[in-house]
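A structural walkthrough
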Amino acid sequence: MTVDLRDSAEEAGFRAAVRAWLATAVADYGPPPPAGDWPARRAYDTGWQRVLHDAGYAGLAWPGEYGGQGLPVTQQLVYLEEYAAAGAPYIGVNFVGLMHAGPTLIAEGTDEQRREHLPRILRGGAVWCQGFSEPQAGSDLASLRTRAVRQGDEYVVSGQKIWSTRAQVADYCELLVRTDPDAPKHKGITWLILDMHQPGVEVRPMRTIDGESHFCEVFLDEARVPVTNRVGAENDGWRVTNVTLRFERGTAFAQHIITLRTQVRRLVTAAKTSRTATGTAWDDPGLRRHVGRLDATVEALWRMTQLCIGEADQSGVPSPLGSAIKLRFSELAQEMSALSLRLAGRRAIGAGPGNGSSNGNGAPIDDATAEVVRDYLWSFQHTIAAGTSQIQRDLIAERILGVPKGR
Ligand SMILES: Cc1cc2nc3c(=O)[nH]c(=O)nc-3n(C[C@H](O)[C@H](O)[C@H](O)COP(=O)(O)OP(=O)(O)OC[C@H]3O[C@@H](n4cnc5c(N)ncnc54)[C@H](O)[C@@H]3O)c2cc1C
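Before going into details, it helps to say that this report is about the structure given with it. (Residues numbered from 1 in each chain as written. Predicted model: local features only at pLDDT ≥ 70, side-chain atom pairs only at ≥ 80, totals over all residues. Heavy atoms only, no water.)

Considering the site of the ligand
Lining the immediate surroundings of the ligand are 17 residues, of which Ser-133, Ser-139, Trp-163, Thr-165 and Thr-388 lie closest. Within the contact set of the ligand, a nitrogen atom lies 2.9 Å away from a backbone nitrogen or oxygen of Trp-163. Taking Thr-165, its side chain carries an N or O atom lying 2.7 Å from a nitrogen atom of the ligand. Alone, the ligand offers 970 Å² of accessible surface; in the complex the protein occludes 65% of this. At the level of elements, β3 (154–165) and α11 (389–400) are the ones that each hand at least two residues to the shell around the ligand. (Near = heavy atom within 4 Å. Polar contact = N/O pair within 3.5 Å; in protein donor to acceptor, adjacent residues only side chain to side chain. Areas by Shrake-Rupley, 256 points an atom, 1.4 Å probe, with all protein chains shown as cover. Helix = DSSP H or I, 4+ residues; strand = E, 2+ residues; numbered from the N terminus.)

Side note on helix α5 (residues 111–123)
The end-to-end C-alpha distance of α5, which contains 13 residues, comes to 18 Å, matching closely the 18 Å that a straight helix rising 1.5 Å per residue would cover. Listed in full, the buried residues belonging to α5 are Gln-113, Arg-114, His-117, Leu-118, Ile-121 and Leu-122. Close packing links the buried residues of α5 with α2 (38–54), α4 (95–108), β1 (128–131), β4 (172–178), β5 (189–195) and β8 (230–231). Gly-124 lies just past α5 and shows a positive phi near 75°. (Expected span 1.5 Å × (residues − 1). Buried < 20%, exposed > 50% of the residue type's maximum accessible area, 1.4 Å probe, protein only. Contact = heavy atoms within 4.5 Å.)

A closer look at the packing of α2 against α5
As a packed pair, α2 and α5 sit with axes 7 Å apart at the nearest point and diverge in direction by 100°. Taken together, the axes of α2 and α5 lie roughly perpendicular to each other. Seen from α2, the contacting residues are Thr-46, Gln-49, Arg-50 and His-53; seen from α5, they are Ile-121, Leu-122 and Arg-123. Taken together, the residues of the contact of α2 with α5 break down into two nonpolar, three polar and two charged. (Axes fitted to C-alpha atoms, helices over the stretch in contact; angles between N-to-C directions. Parallel < 35°, antiparallel > 145°, perpendicular 65-115°, else oblique. Nonpolar A, V, L, I, M, F, W, Y, C, P; charged D, E, K, R; others polar.)

A closer look at the pairing of β1
Of the two faces of β1, both are covered, the one formed by Trp-128 and Gln-130 as well as the one formed by Cys-129 and Gly-131. The sheet contact formed by β1 and β4 spans four bridges and is parallel. When the bridges of β4 are listed, Gly-131 appears paired with Leu-175. (Pairing = 2+ DSSP bridges.)

Examining the nonpolar core
If you look at the biggest cluster of nonpolar residues, it comprises 35 residues, and the most contacted ones within it are Ile-257, Leu-287, Val-291, Trp-302, Phe-329, Leu-332 and Met-336. With ten residues, helix α9 (residues 321–344) is the largest single contributor of residues to this core. Beyond its immediate chain neighbours, meaning those up to four positions away, Val-291 contacts Val-264, Val-268, Trp-282 and Leu-339. Listed in part, the 29 residues of the second largest apolar core include Phe-95, Leu-118, Leu-122 and Val-231. (Core = buried A, V, L, I, M, F, W, Y, C linked by side-chain atoms within 4.5 Å.)

Focus on the side chain of His-382
Considering the arrangement of structural elements, one finds His-382 in the loop between α10 (367–379) and α11. You can call His-382 buried: its relative accessible area is 15%. With sequence-adjacent residues up to four places away left out, His-382 is seen in contact with Lys-326, Phe-329, Ser-330, Ala-333 and Gln-334.

Some words on a nonpolar patch on the surface
Where nonpolar side chains cluster on the molecular surface, the patch consists of Ile-400, Leu-401 and Val-403 and spans about 270 Å² of accessible area. Note that Ile-400 resides in helix α11. Overall, Ile-400 belongs to the partly exposed group, its relative accessible area being 38%. (Patch = residues over 30% accessible without salt bridge, like charges linked within 9 Å, V, L, I, M, F, W, Y side chains within 5 Å. Salt bridge = Lys/Arg side-chain N within 4 Å of Asp/Glu carboxyl O.)

In structure tokens, the structure reads:
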């Protein structure tokens, strides 16, 4: 069977329209606020989402009845490529809502839940976070202990979540709770929609190695969740969780992966401008081979992502292939950050924009180098977030290769 990866006439027309629109819209919208100012980041990210929505570019894969565009998968992929090439704003605080909470509601929610939440997510009107992990339940997520006790038409929820990304600016949380403490651990879990703006929900941001607060602890003390906010049946939450995780690992990173193309180009520029005793770093054939291999890997990974998005489009939920994509993306992103840091060389030591530090030769550290250092520090998270690499390898072995489950 041959596959023609070139654009059809219709796709080429769509590509040209998206490219032209982005060229103006991205320039008009302007740069993001400083890192770490989360209220400003929320305003920036949701404002941009509103711009996309009003121009008809929100929810390309989502059904029209909930505000989406219902476009064919080929056009969704064209859009992602053009979006990355234009350097358009990062999805930011909209990540959970757009990439896995919304898709979970489309696959598993009630019509009422879809009508209430999906159009708001698409308009940038509601920000979601994820409350899955707990201090004693990360890789072994099914060990979670946060309790929900049913009282009439509500669940009363108490417990602690951790690593909830951007929970400090979230309106809703996709929350996993234990509803049957006596059942085997995978059988007593329920998936709830938690309103973050209520008594009994306390969010405490955590400081990370790059000096920012990307994620938070969330303490729940008799928080109330209407039974109508339950997604799937009571105690059937593990099945729903796996739907969420397949979106999170399989299709959610598409934008990040296609953006690696731009990062490869940046690496080339950095190498060509990085002076050595005899010329530039780009003169080194070993480095050029390394960048060439990275470039080929990005393209291969993008093809796998396209396949996964295509599968999700056909069956409603991505396949376990997502674990292979997530694993390779994580390692590749770390490798690229490490190479960027290597090219920055001594300039990276003691980096911090505008803080008057020096590189040891008296030259101040510029913002671009500071960004390289920040990116390198942040890159450690890739192989942990959304399930560690060890867990992805287990899943690939069991669910793709059919290796018998380990003890
Ligand atoms: C940037 C970032 C953002 C995150 N955002 C969120 C969020 O928004 N919401 C949320 O709920 N969670 C979030 N997380 C949490 C993330 O899902 C967990 O950190 C991850 O699942 C690992 O759990 P843990 O940290 O408890 O590590 P542990 O599970 O304690 O693992 C420690 C080490 O043991 C290894 N290990 C554990 N079990 C096995 C096994 N069976 N086989 C082989 N090796 C094993 C792991 O691979 C790891 O190396 C985020 C994490 C990061 C880094």
